[in-house]
Amino acid sequence: MSVFQGEVSSLPPDKSISHRAALIGALAEGSTEITNFSGGYDNQSTLSVLKDAGIAIRQQEIPAGDGRIVRNVVIESGGLWSFKAPTQPLMCNNSGSTMRMLAGILAAQPFRSELVGDASLMKRPMKRIADPLRQMGAEISLTPAGTAPVVIVGTRDLKPIEYHLPVPSAQVKSLVAFAAMHADGRSKIIEPIRSRDHTELMLGLETIDRPDGVREIIIDGRKPLGAKPFHVPADPSAACFMIALGLLGQRSEVVLRQVCLNPTRVAYIDLLQEAGAGLVIENARSVGGELIGDIVVRSCSSLKPLRISDHAVVAGVIDEVPMLAVLSAFASGEFELHNAAELRTKESDRIDAIVVNLQRLGFECEQYPDGFVVKGRTGSIQQDVVIECFDDHRIAMSFAIAAEAAGASLVLSDRDVVGVSFPNFFSIIDSLRQ
Ligand code: S3P
């Protein structure tokens, strides 16, 4: 077992907030300055498709003096209808957030556009974005399987909508909100299970929390949006990997600086604390409407097995499940998850990807349509087991952490896929290893 110690100030800027800052900048009148924009491939895909759709964007890379590169982005736009008909299909690469959230904006632009992605993205479900946009009056076509290419014939005459979210998806919620900003009247999004709320916070949308726990989000259409600056804090979904490294490592202490602690993003911290993990939050404060703080992680000699089935908890840890499952399996031998069929629609079928790889490492697992269980391990981990990454950054990183912490040399089928959200993943691990 290895020892990991040190402070990390160079976690990647939050992926969700970076996407939204760029998209909101493209909708706002004037010049939007975004500091600490993410260099991950997904966020860079959002910038490149916005440019291809006629939005003026400048990106500056500034050496921070401590080896880090800070990216600042300036977006110039004339407001809600500043997009231009693209001359080619818009390539979203691996980024579901780019494809889905941008669709909400393009549905309101009076031209035809087409959204495409890499092999993984072309398999992901898009009916969930077509349904509300068709109800609002846009023409959307998909393949018969309900996947991309997403062809959009937008209209300036979008109708307002009252939309009951059928899945707890912040991407769907955001695309409906972006479309509704262009509609002629007041729209309402009804959210029975809470998902991340960055769009609401960044746009200053009115929200109503009903006594039955359901949230309503109100959007008044065609209200001019003024440009304002955004600062992007570190990504809690990236922090999760370094937390697992610190917990699994021996005699380890890792401090993660200025991490976004928005309550809709940190359910995994609560789960780990309940399971006995040594995690302390320090310097919590609000910056630009988002809660941020430092996370202190100390190695944990015993962690209770994680068992997750509550729908709201599943929604709260949807991106962290791969790391939580691997962490729980390594720390306690067990893990159990239910009500999480949504995981089969991510960058890979994550239920299958986690189970296949844990089995290769000797864990006994069983998968269900909506989850899986890990029942323990027989024997020790073989060296040089090949981990299949399935084009999925979070699968690659979860098993890379397991390998580090367990001192096993695993072979990742694709190391570079980590760049989708966390380009400096391996260099941070190297800097912490004692
Ligand atoms: C995201 C929402 C989630 C998440 C994804 C980022 C976002 O997807 O898995 O990584 O930024 O809104 P869904 O909206 O499909 O749940």
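The rules behind the values
Residues numbered from 1 in each chain as written. Predicted model: local features only at pLDDT ≥ 70, side-chain atom pairs only at ≥ 80, totals over all residues. Heavy atoms only, no water. Near = heavy atom within 4 Å. Polar contact = N/O pair within 3.5 Å; in protein donor to acceptor, adjacent residues only side chain to side chain. Areas by Shrake-Rupley, 256 points an atom, 1.4 Å probe, with all protein chains shown as cover. Helix = DSSP H or I, 4+ residues; strand = E, 2+ residues; numbered from the N terminus. Domains from an automatic or database assignment. Salt bridge = Lys/Arg side-chain N within 4 Å of Asp/Glu carboxyl O. Buried < 20%, exposed > 50% of the residue type's maximum accessible area, 1.4 Å probe, protein only. Pairing = 2+ DSSP bridges. Axes fitted to C-alpha atoms, helices over the stretch in contact; angles between N-to-C directions. Contact = heavy atoms within 4.5 Å. Expected span 1.5 Å × (residues − 1). Core = buried A, V, L, I, M, F, W, Y, C linked by side-chain atoms within 4.5 Å. Buried area = accessible area lost by both parts, 1.4 Å probe. Nonpolar A, V, L, I, M, F, W, Y, C, P; charged D, E, K, R; others polar. Phe/Tyr/Trp six-rings, centres within 6.5 Å; stacked < 30°, edge-to-face > 60°.

Student: An account of the site of the ligand is needed here, citing residue identities and associated values.
Tutor: Taken together, 14 residues lie around the ligand, and Ser16, Arg20, Ser169, Asp319 and Lys346 are the ones closest in. One of the backbone nitrogen or oxygen atoms of Gln171 is found 2.9 Å away from an oxygen atom of the ligand. Separating an oxygen atom of the ligand from a side-chain N or O atom of Asp319 is a distance of 2.5 Å. Here the ligand, which alone exposes 390 Å², has 96% of that area covered by the protein. Of all the elements in the fold, those that place two or more residues in the shell around the ligand are helix H1 (15-27), helix H3 (96-106) and helix H5 (170-180). The biggest single contributor to the shell around the ligand is H1, with 3 residues. When residues of the shell around the ligand are assigned to domains, at least three fall in each of domain 1 (15-231) and domain 2 (233-432).

Student: Quick one: what's the story with the pattern of salt bridges, residue by residue and with numbers?
Tutor: Under the defined criterion, the tally for this structure stands at 32 salt bridges. Among the salt bridges present, the one from Arg307 reaches Glu334, with a minimum N-O distance of 2.8 Å. Residue Arg307 is located in strand S17 (residues 306-308), and its partner Glu334 is located in the loop between helix H10 (321-332) and strand S18 (335-337); the two are separated by 27 residues in the primary sequence. Here Arg307 ties to Glu336 by a salt bridge, and the two come within 3.4 Å at their closest N and O atoms. On the criterion of sequence distance, the pair formed by Arg307 in strand S17 and Glu336 in strand S18 is long-range, its members being 29 residues apart. Judged by its relative accessible area of 48%, Arg307 is partly exposed. Residue Glu336 is classed as partly exposed on the basis of its relative accessible area, which comes to 23%. Members of the salt-bridge network, linked through shared partners, are Arg124, Glu347, Arg350 and Asp392.

Student: Outline the sheet that holds strand S20 (residues 371-377), supporting the account with residue identities and numerical values.
Tutor: The mixed open sheet is built from 4 strands, whose spatial order is S17-S18-S20-S19. Edge positions in the sheet fall to S17 and strand S19 (363-368), since each has one partner strand and no second. When the angles between neighbouring strand axes are averaged without regard to direction, this sheet yields 10 degrees. Judged from the 3 bridges that link them, S18 and S20 form a sheet pairing that is antiparallel. Counterpart to Glu336 in the pairing with S20 is Val373.

Student: How would you sum up H3? Please name residues and give values.
Tutor: Across the 11 residues of H3, 11 count as buried, placing the element largely inside the fold. Of all the positions in H3, only Gly96, Ser97, Thr98, Met99, Arg100, Met101, Leu102, Ala103, Gly104, Ile105 and Leu106 are classed as buried.

Student: I'd like to hear about the side chain of Ser16, residue by residue, with values.
Tutor: Structurally, Ser16 is set in helix H1. Among all residues touching Ser16, those that are not within four sequence positions of it are Arg196, His198 and Arg265.

Student: Tell me about H1, and name the residues and values.
Tutor: Here H1 spans 19 Å end to end across 13 residues, near enough to the 18 Å set by a 1.5 Å rise per residue. Within H1, 13 of the 13 residues are buried, which leaves the element mostly enclosed by the surrounding structure. By the N-cap criterion, in which a side-chain oxygen at the helix start approaches the backbone nitrogen of a residue two or three places on, H1 is capped by Asp14, the distance to Ser16 being 3.3 Å.

Student: So what's going on with the side chain of Ser38? Residues and values would help.
Tutor: With respect to the helices and strands, Ser38 occurs in the loop between strand S2 (29-37) and helix H2 (41-52). The buried category is assigned to Ser38, whose relative accessible area is 1%. Looking at Ser38, its side chain comes within polar contact range of the main-chain nitrogen of Gly40, at 2.9 Å. A polar contact of 3.1 Å, which involves the side chain of Ser38, links it to the side chain of Asn43. The contact partners of Ser38, leaving out residues within four places of it in the chain, are Pro13, Ser18, Asn43, Gln44 and Arg71.

Student: Which residues make up the nonpolar core, and what values go with them?
Tutor: Formed by 83 residues in total, the largest nonpolar core has its most connected members in Leu11, Met242, Leu256, Leu272 and Phe425. A total of 10 residues in this core trace back to one element, the largest contributor, which is helix H7 (residues 236-248). With residues up to four places along the chain from it excluded, the contact list for Met242 reads Leu11, Leu256, Phe422, Phe425, Ile428, Ile429 and Leu432. In this structure, Ala21, Val73, Ala108 and Ile217 belong to the second largest nonpolar core, which totals 67 residues.

Student: Talk me through the domain arrangement of the protein; I want residue IDs and the actual numbers.
Tutor: Interface size is often expressed as the accessible area that is lost when the parts come together. Under the domain assignment used here, the protein contains domain 1 (15-231) and domain 2 (233-432). The centre of domain 1, based on its C-alpha atoms, is set 27 Å off from the matching centre of domain 2. Across the contact, 22 residues belong to domain 1 and 25 residues belong to domain 2. When domain 1 packs against domain 2, the two sides together hide about 2000 Å² of surface, and 51% of this comes from carbon and sulfur. For Glu342, the salt bridge identified is with Arg128, shortest N-O distance 2.6 Å. The interface formed by domain 1 and domain 2 includes 13 residue pairs in polar contact (both at pLDDT 80 or more). Elements with a contribution of two residues or more to the side of domain 1 that touches domain 2: H1, H2 and helix H6 (198-203). With 3 residues, H1 is the single largest residue contributor to the side of domain 1 that touches domain 2. The residue inventory of the side of domain 1 that touches domain 2, partitioned by class, reads 7 nonpolar, 8 polar and 7 charged.

Student: Would you mind going over the pairing of strand S8 (residues 150-153) in detail, with residue names and values included?
Tutor: In this sheet, S8 lies alongside strand S6 (residues 112-116) in antiparallel orientation, the contact comprising 4 bridges. Bridge assignment links Glu114 to a residue of S8, and that residue is Val151.

Student: I'd love a proper account of the packing of aromatic side chains, names of residues and values included.
Tutor: What the rule picks out here adds up to 5 aromatic pairs. Where Phe241 meets Phe425, the ring centres are 6.1 Å apart and the plane angle is 85 degrees; that geometry is what we call edge-to-face. On the criterion of sequence distance, the pair formed by Phe241 in helix H7 and Phe425 in helix H13 (residues 425-432) is long-range, its members being 184 residues apart. Phe425 carries the same exposure label as Phe241, and that label is buried. With centroids separated by 5.4 Å and ring planes inclined at 75 degrees, the aromatic side chains of Phe422 and Phe425 adopt a geometry described as edge-to-face. Each member of the pair Phe422 and Phe425 is classed as buried.

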